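Geometric and topological summary
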Amino acid sequence: MVGVLGDSTGAARRSTLYRLIDTQSSDDGLREALSEYYASHEDFTVESTQIDGVTAIAIWGIVGKKDRADWSATFRSLTGKDPNVSNRAAAGAIFVGAQGGPYVVTYGMGHLLIDPSKIDPGFGLSFSIRSIEPDYIRQVTRNILDSRARVDRSTVPGGQSIRGFGIEYYGEVVSRLAGTLGSVSMTFNKAQPKKVGIAAADSLKIPLGVKPVDLIEDLREITRVTQTASPVPELGFIDQIRALKSSNKQVSQLENKLARALASADGGPLALTLPAECEEHEHAANSYRIKIATDRYEVVEDLEISHVLSRVASLPVEDRLDALRSGYIQMCSDAEGRDKVSRQVKAHKWLAFEAPLKSDHYFYHQGRWFEVGDNYLEFLRSRLDEVFARTASIPLPKWESGWAEEEDYNREAAKLIPGAVCLDRKKIHTKQHPHGIEACDIIGPNNELIHVKRASSSAPLSHLFAQGWTAIDALRSDREARNKLLERIKEKGGSHPYDPSIKPKKLIYGIAIKKDATVSRKNLFTFSQVALMRAINALENADVDVEVVPIPQ
């Protein structure tokens, strides 16, 4: 059936499907879900219709400029040739008031025709974890809920078990799945069983019937799966993070916490994240347009959390989130911010935030609040409690009140640990790491790598944990790094028995928090717990022993 691959002469055509929220299935209701800009644009046509008796709205037109492409001047400057070209793309969307929806089927750049606030976040993912074959996953995208809020995408073109992607069942929000669709009753497989691929995030890329009656039946099957089917057992962990509806009574309290955090110097438990709809454009982004609490946009080449905080911190608390929701950040492919590669994504969707409230934990992610499941936290906590309970092979000395800086502690602690050498601020530079890495703050008598951090709170500790893993990775994979470490040790004098032919086998994290006399898992910020657990797993998988040693004060 050629139509499954995109030819409308078949029974089904691969399409992109969205589900709407806060939208009535009437003609007026569907029209309210249209992008106001395109619905009123002279190049677009909007018409009411019906699909197999179901109310629908059709919209189509051309997205793009009618003038020259922004890069024309540079092209002419470099080549002497004058490219008289413009950027234009077709867009179409059908808003369908079907049961379980409403739904929107989009074509080309049709996703731009939907009011973003009406898109049901995670709809496609909700369908996929109930219908995809767990042994034939081709791609997983996950957002790591640590202080960096980074995005990780893993691809296996032929597909593999979900277990093969090494997903950790804590500290991650799976935002996109691609793989083979399991047993569902849809148009594409009515005549005979077929295996087709789907891709799911907020939207769902899936073959849909091209005849009115078939499309409506397919939408009913999708509704049945999302509303009544249980998640595939191997994918059930994805449901451990639950989205809160805007009507939830906790949301106003959580948003007040977020608004207040926006005024702090560093944002506290606040970080930048990449919106799911921008993930596919990340490789092309060379600058960002930012328009928050101003009438003009500004262009920055490297986006940082300070670019957001500086624009809203001086606003009244009650106005900060409104400013983010009315403002935007947009990816551009050129350094000047003229060639746009993403839509204008509301600024609040670029933030990740942790907000404990009473006995529960919540995260703000992709512009929505999520409650973290008990099993999710219990597993994380039990693993870390076990790590903290391990007996220290090298008890670290007390942090004396006269030692104001980490450099002071590392220097004096090395003197009190027989056979140790202080290497604080002694970076090693290699071809793989031209900017340098800190192999350790102190190297122990048996080549233990000791990384020390004294923080004003537990939030900055994520950097320490990442630093330790980076050092181990470099020293285990790069002989040049091990030889450079030997040079640093020799510079300090003494007779330390370091052998660069032997890869490091133990890493010790020494932690002190200024406001806490002792450190345990319980007084670590959750983002830091996540970062620590991820580092421990990576180190232990590399056959490195890990210890977390609280430094007494």
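Here, the structure is the one placed above.
Position numbers for residues start from 1 in each chain and track the written sequence from start to end. Given that the model is predicted, a residue must reach a pLDDT of at least 70 before its local features are reported, and side-chain atom pairs must reach 80 or more before they are shown or counted; all residues, however, enter totals for whole chains, interfaces and linings. Excluding hydrogens and water, the side-chain values take into account all heavy atoms of the structure.

1. Quick word on the overall build of the protein
- Secondary structure follows DSSP: runs of H or I at least 4 residues long count as helices, runs of E at least 2 residues long count as strands, and numbering of each begins at the N terminus. Looking only at helices and strands, one finds 13 helices and 24 strands in the protein.
- Exposure classes here rest on a 1.4 Å probe applied to the protein chains alone. A residue is buried below 20% of its type maximum, exposed above 50%, and partly exposed in between. Buried positions account for 51% of the 553 residues belonging to the protein.
- Taking the intrachain contacts of the protein between residues at least 6 apart in sequence as the baseline, contacts between residues at least 24 apart amount to 66%. Whether two residues touch is decided by their heavy atoms; if any such pair falls within 4.5 Å, the residues are in contact.

2. Describing the sheet that holds strand β13 (residues 287-291)
- If you walk across this open sheet you meet the four strands as β14-β13-β15-β16, and the pairing is antiparallel. Unpaired on one side and paired on the other, β14 (298-300) and β16 (345-346) mark the two borders of the sheet.
- Paired strands, as defined in this entry, are two strands with at least two bridges between them according to DSSP. Relative to β16, strand β15 (residues 328-332) runs antiparallel, the two sharing two bridges. The residue bridging Y328 from the neighbouring strand is K346, located in β16.

3. Some points on the environment of R19
- With respect to the helices, strands and loops of the structure, R19 is situated in strand β1 (residues 12-19).
- In the structure, R19 is positioned 184 residues away from S203 in sequence and 7.6 Å away in space, judged by C-alpha atoms.
- Under this definition, polar contacts are N or O atom pairs within 3.5 Å; protein pairs additionally need one hydrogen-donor-capable and one acceptor-capable atom, and for neighbouring residues in sequence, both atoms have to be side-chain atoms. Of the polar contacts made by the side chain of R19, one reaches the side chain of T226; its length is 3.4 Å.

4. Some remarks on the side chain of S72
- Within the secondary structure, S72 sits in helix α3 (residues 72-79).
- On the basis of relative accessibility, which here comes to 4%, the residue S72 falls in the buried class.
- The contacts of S72, once residues within four sequence positions are left out, are P83 and V85.

5. Comments concerning the packing of aromatic side chains
- Between the rings of Phe, Tyr and Trp (Trp by its six-membered ring), a pair exists once the centres lie within 6.5 Å; its type follows the angle of the planes, with under 30 degrees stacked, over 60 edge-to-face, and the other angles tilted. In this structure the tally under the stated criterion is ten aromatic pairs.
- When the centroid spacing of 4.4 Å and the interplanar angle of 15° are considered together, the rings of W399 and Y409 count as stacked. Linking W399 in the loop between α9 (374-388) and α10 (406-416) with Y409 in helix α10, this pair joins segments that are ten residues apart in sequence.
- Taking relative accessible area as the criterion, Y409 reaches 0% and is therefore assigned buried.
- The rings of Y37, Y38 and F44 are connected pair by pair, giving a single aromatic cluster.
- Of note, R289 hangs over the ring of Y297, and the distance from its end group to the ring centre comes to 4.1 Å. Two conditions define a charge sitting above a ring: the NZ of Lys or the CZ of Arg must be within 6 Å of the ring centre, and it must be within 35 degrees of the ring normal.

6. Quick word on a nonpolar patch on the surface
- Like-charged residues are merged into a patch within 9 Å and nonpolar side chains (Val, Leu, Ile, Met, Phe, Trp, Tyr) within 5 Å, provided each residue has over 30% relative accessible area and no salt bridge. What sets the accessible areas is the Shrake-Rupley method with a 1.4 Å probe; for residues, cover comes only from the shown protein chains. For this analysis, a salt bridge means a side-chain nitrogen from Lys or Arg found within 4 Å of a carboxyl oxygen belonging to Asp or Glu. A cluster of nonpolar residues, W71, F75 and V85, forms a patch on the protein surface that exposes about 250 Å² of accessible area.
- Within the secondary structure, F75 is located in helix α3.
- By relative accessible area, which is 35% here, F75 ends up partly exposed.

7. Section: the packing of helix α6 (residues 251-261) against helix α8 (residues 317-326)
- Only C-alpha atoms enter the line fits that serve as axes; for helices the fit covers just the stretch in contact. Angles between N-to-C directions range over 0 to 180 degrees. In contact at an axis separation of 8 Å, α6 and α8 are set at 90° when each is read in the N-to-C sense. With respect to α8, the axis of α6 lies roughly perpendicular. Between α6, through E255, N256, L258, A259 and R260, and α8, the contact on the second element is made entirely by V317, R320, L321 and R325. Reported orientations rely on four angle classes, namely roughly parallel under 35 degrees, roughly antiparallel over 145, roughly perpendicular from 65 to 115, and oblique for the rest.

8. Some thoughts on the pattern of salt bridges
- Here the structure, examined in full by the defined rule, presents 22 salt bridges.
- A salt bridge links R311 to E298; the nearest nitrogen and oxygen atoms lie 3.3 Å apart. Placement of the pair is R311 in helix α7 (residues 305-312) and E298 in strand β14, with a sequence separation of 13 residues.
- Where R383 meets E540, a salt bridge forms, and the shortest distance between an N and an O atom there is 3.6 Å. Of this pair, R383 sits in helix α9 while E540 sits in helix α13 (residues 526-541), and the two are 157 residues apart along the sequence.
- Take E540: its relative accessible area is 32%, and that puts it in the partly exposed class.
- Several salt bridges converge on common partners, so that one network encompasses R383, E386, R390 and E540.

9. Examining the sheet that holds strand β23 (residues 506-513)
- Judged by pairing direction, the sheet is mixed, and its five strands sit side by side in the order β20-β21-β22-β23-β24 without closing on themselves. Edge positions in the sheet fall to β20 (421-422) and β24 (545-550), since each of these pairs with one other strand and no more.
- Relative to strand β22 (residues 449-455), strand β21 (residues 442-443) runs antiparallel, the two being bridged by two bridges. Bridging across to β22, I442 finds its partner in I450.
- With respect to the sheet, α10 is in contact with β20, β21 and β22, its orientation differing from that of β22 by roughly 140°.

10. Here we look at the pairing of strand β17 (residues 351-354)
- By the alternation rule, side chains of β17 split into L351 and F353 and A352 and E354, which are all buried.
- Strand direction decides the pairing type here: β17 and strand β18 (residues 362-365), joined by two bridges, are antiparallel. By the bridge assignment for β18, E354 is matched with F363.

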